[in-house]
There are 2 protein chains.
Amino acid sequence: MLPTHVTLDLSGERFTVTYRLTGDEDEARIKAKAICVEQTVEFPVELLPAGDIATEIVGRLESFEAVADKRFEAVISYAAETASCEFPQLLNVVFGNISLLPGIRVEKLELPAAVLDIFQGPRFGRAGIRALLHAPHRPLLSTALKPMGLSAQQLADLAYQFALGGVDIIKDDHGLSNQMFAPFQKRVERCAEAVNRANQETGGRCLYMPNITAQAGDLTAKALICKESGAGGLLMSPGLTGLDIMRSITTDDRINLPMMSHPTFQGSFVTHPDNGIAHGVLFGQLTRLAGADLTVYPNFGGRFSFTRAECQQIAQATALPMGTIKPSFPTPGGGMRLESIPDMLEVYGREVVFLVGGALYRRGPDLVENCRYFRALVEGA
Amino acid sequence: MLPTHVTLDLSGERFTVTYRLTGDEDEARIKAKAICVEQTVEFPVELLPAGDIATEIVGRLESFEAVADKRFEAVISYAAETASCEFPQLLNVVFGNISLLPGIRVEKLELPAAVLDIFQGPRFGRAGIRALLHAPHRPLLSTALKPMGLSAQQLADLAYQFALGGVDIIKDDHGLSNQMFAPFQKRVERCAEAVNRANQETGGRCLYMPNITAQAGDLTAKALICKESGAGGLLMSPGLTGLDIMRSITTDDRINLPMMSHPTFQGSFVTHPDNGIAHGVLFGQLTRLAGADLTVYPNFGGRFSFTRAECQQIAQATALPMGTIKPSFPTPGGGMRLESIPDMLEVYGREVVFLVGGALYRRGPDLVENCRYFRALVEGA
């Protein structure tokens, strides 16, 4: 037998999630009420014990309104205690089981102090990254070390040229892991040395961010190797490892390095406009909660399909007020062309990191010169 | 400057991924070739060094054919070395960046020994679970402890009744984490004790599987607490934690407990038929690689929207030959009704775990009696 009545000692603090629902009004209302149950007690409502489980633990439909033809917006609040002061369980309440249902999209999170307290957010944030780079105002320039198959030394030679040419942030390509061609530790040591040597020659402050994405249990050790090798930051793909591992790395005081987040394997959350998680929530809010100082995503007009509006939404969410959580840097990349820079400046202003890959090679064989050209464009912006 | 020629010492072993592509034939062919590049070198092909990077590292389009109107199937092979003997990097090559593009769906994986060697797979598998339960042939019966908000003792009281009634596997609801209502360690200790007490009374072998989904770095400790407390297995939600953490828990010899995988937060990979990862690959192949002995997913005809065919695909994939990787148990749940059992038996045969939640309560107030009723149905099957 179930208890007939349950009383709980709750704080009264609640977080709210805005869901976009697809369907007729009746269907959407039923769906909104089903979400309140599915994401919390997952239990026949009529059989619940009386008291606080039914009134406080079950999600509460705070508002419901039509926003377009067959599109409704439902704001649902949940008791802060349901998230158990844990990021994975917060994600579970926000979009766990209902991810398995079509026609539901998470549009916005509003988190009270009781939930934000779980998170440190970006350790450096926009201001911290600018301070490290001595670049208080201008857009920043980033590139990636690739292609997979080059040796550690060959990648380091590229890194040296990029740093000489004035690139601010050089990251590993997110596919560079621990392949035999360029094993992790050797690659990190060689590339960090190359970038730091270039910095000494130019007086620059270029940051090298190796990819620490790895098997569970290996990431902290890899981050510490980066630290010891003189790397200037870290790259991780939370879609591959889980978002919470990023939080654990970025809150580790022994590591204390900027974190760049890569969107690989996260695309299914955003590819269909009626399902999943809105671009701004995933690449903005959640990635900031995970502690990323820089959030990479495919720019509009490149070889991916994000629209200008979706990119704008991400950029806005990187600075959306969330308690003391610092703003992160939008880092659009993926098939950027020179000609797109003016348009990008219009969308992002100067609070942006331009991630340029293949285009740096296309201008001609002198990579240092190509980088200088891009850097001048960015400085002129 | 990039090197002009690169030679690599490769094994020649390749894994293949079958992709379903949406669009006109020309578009689909272009997409197939783009995948070969995007998932590996992510670099302008015309600028690649000559030699093995261009011929071996770039994915190879092995076949391309129309399968329906505006639907094509492309089989692409990748050098085993690109996966770096790591699960996250294997996922990255299979569906990393291209998850950000619409109209691409992973339909099948074929992995050679060089890649399968990364994995242990299910430690127990179907045969091992049957041996633990002394149930060599019949379908198995499972249920969940809920609703969230009950105390550890109240949940343990439920667990005792379920075990007395003959349920084979009792799992925590996947939303039970470490909430103040029923803190993890207390819940695990009380529920394990209750189930083991019932087993002593009945001579049964019911397994209690607590939810260890937690913050990164806490899962191993939680699994060890389960072990020490006499729990019979573990529940994890790899969508929340990352698939590779499940692999790391299931390969830890100190833990040595069956693992049940819950699909929460993984739905966006499957909700749209043209995008993402096919049901069988995600809940069958990948979840087996991660080491799950039991894979939970929403059954057809319940409150979720998986079709009969999709569920059939999952069931098939749980036993698809993959080297020495053992078969896992399909564990359909989510709004199961008594009336659906005959139909489920037709789809799954006896190699299935029926996960029954609310329906166990709906028959009347005597939970032990309700469980006996379900168990008799299952035994008669």
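Everything that follows concerns the structure shown earlier in this document.
Here's a quick rundown of the structure. (Residues numbered from 1 in each chain as written. Chains lettered and ligands numbered in written order. Predicted model: local features only at pLDDT ≥ 70, side-chain atom pairs only at ≥ 80, totals over all residues. Heavy atoms only, no water.)

Considering the packing of aromatic side chains
Here is step 1 of the chain: For the structure shown, the criterion picks out 23 aromatic pairs over all chains.
Here is step 2 of the chain: On the basis of an interplanar angle of 40 degrees and a centroid distance of 5.2 Å, the ring pair of Phe269 of chain A and Phe265 of chain B is categorised as tilted. Remark: Phe265 of chain B occurs in the loop between strand S11 (259-261) and strand S12 (276-277) and Phe269 of chain A occurs in the loop between strand S11 (259-261) and strand S12 (276-277); the pair is interchain, linking two chains. With respect to class, Phe269 of chain A is no different from Phe265 of chain B; both count as buried.
Here is step 3 of the chain: Summarising the aromatic geometry, the rings of Phe64 of chain B and Phe72 of chain B are spaced 5.3 Å apart at their centres and angled 10 degrees between planes, so their arrangement reads as stacked.
Here is step 4 of the chain: On the accessibility criterion, Phe72 of chain B (6% relative accessible area) is buried.
Here is step 5 of the chain: Taken together, Phe95, Phe265 and Phe269 of chain A together with Phe95, Phe265 and Phe269 of chain B form an aromatic cluster joined through their ring pairs. (Phe/Tyr/Trp six-rings, centres within 6.5 Å; stacked < 30°, edge-to-face > 60°. Helix = DSSP H or I, 4+ residues; strand = E, 2+ residues; numbered from the N terminus. Buried < 20%, exposed > 50% of the residue type's maximum accessible area, 1.4 Å probe, protein only.)

Focus on the interface of chain B and chain A
Here is step 1 of the chain: Each partner contributes to the interface: chain B provides 89 residues, whereas chain A provides 89 residues.
Here is step 2 of the chain: Linking Glu86 of chain A and Lys222 of chain B is a salt bridge whose minimum nitrogen-to-oxygen distance equals 3.8 Å.
Here is step 3 of the chain: Seen at the junction of chain B and chain A, the total is 34 residue pairs in polar contact (both at pLDDT 80 or more).
Here is step 4 of the chain: Broken down by secondary-structure element, the contributors of at least two residues to the side of chain B that touches chain A are helix H2 (52-57), helix H3 (87-95), helix H6 (152-164), helix H9 (238-241), helix H10 (243-250), S12 and helix H14 (359-362) of chain B.
Here is step 5 of the chain: Of the residues forming the side of chain B that touches chain A, the biggest block, six residues, is contributed by H3 of chain B.
Here is step 6 of the chain: Residue composition of the side of chain B that touches chain A, grouped by class: 44 nonpolar, 32 polar and 13 charged. (Contact = heavy atoms within 4.5 Å. Salt bridge = Lys/Arg side-chain N within 4 Å of Asp/Glu carboxyl O. Polar contact = N/O pair within 3.5 Å; in protein donor to acceptor, adjacent residues only side chain to side chain. Nonpolar A, V, L, I, M, F, W, Y, C, P; charged D, E, K, R; others polar.)

Structural notes on the pattern of salt bridges
One side chain can pair with another of opposite charge once the charged atoms of both are near each other.
Here is step 1 of the chain: Applying the stated criterion to the full structure yields 48 salt bridges over all chains.
Here is step 2 of the chain: Of the charged contacts, one joins Arg138 of chain A and Asp168 of chain A as a salt bridge, the two residues approaching to 2.8 Å between their closest N and O atoms. Here Asp168 of chain A lies in the loop between helix H6 (152-164) and strand S8 (169-172) and Arg138 of chain A lies in the loop between helix H5 (125-133) and strand S7 (140-145), a separation of 30 residues in the sequence.
Here is step 3 of the chain: What makes Asp168 of chain A buried here is its relative accessible area of 3%.
Here is step 4 of the chain: Between Arg60 of chain B and Glu56 of chain B there is a salt bridge, and its shortest N-O distance comes to 3.2 Å.
Here is step 5 of the chain: Exposure remark for Arg60 of chain B: the relative accessible area of 30% places this residue in the partly exposed category.
Here is step 6 of the chain: Since its relative accessible area comes to 24%, Glu56 of chain B is described here as partly exposed.
Here is step 7 of the chain: Among the ionic contacts, a cluster of salt bridges with common partners joins Arg138, Asp168, Arg375 and Glu379 of chain A.

Section: the sheet that holds strand S10 (residues 234-236) of chain A
Residues and elements named next belong to chain A.
Here is step 1 of the chain: Spatial strand order, S10-S11-S13-S14: four strands in an open sheet with parallel pairing. Both edges of this open sheet fall to S10 and strand S14 (329-333), since each of them pairs with a single strand only. Taking the axes of each pair of neighbouring strands and ignoring which way they run, one obtains an average angle of 25 degrees across the sheet.
Here is step 2 of the chain: The pairing of strand S13 (residues 294-298) with S14 spans five bridges and is parallel. Residue pairing in the sheet places Val296 in a bridge with Thr331 of S14.
Here is step 3 of the chain: Sheet strands in contact with helix H10 (residues 243-250) are S10 and S11, and its direction is about 170 degrees off that of S11. (Pairing = 2+ DSSP bridges. Axes fitted to C-alpha atoms, helices over the stretch in contact; angles between N-to-C directions.)

Purely spatial values, then, with no claim about function.
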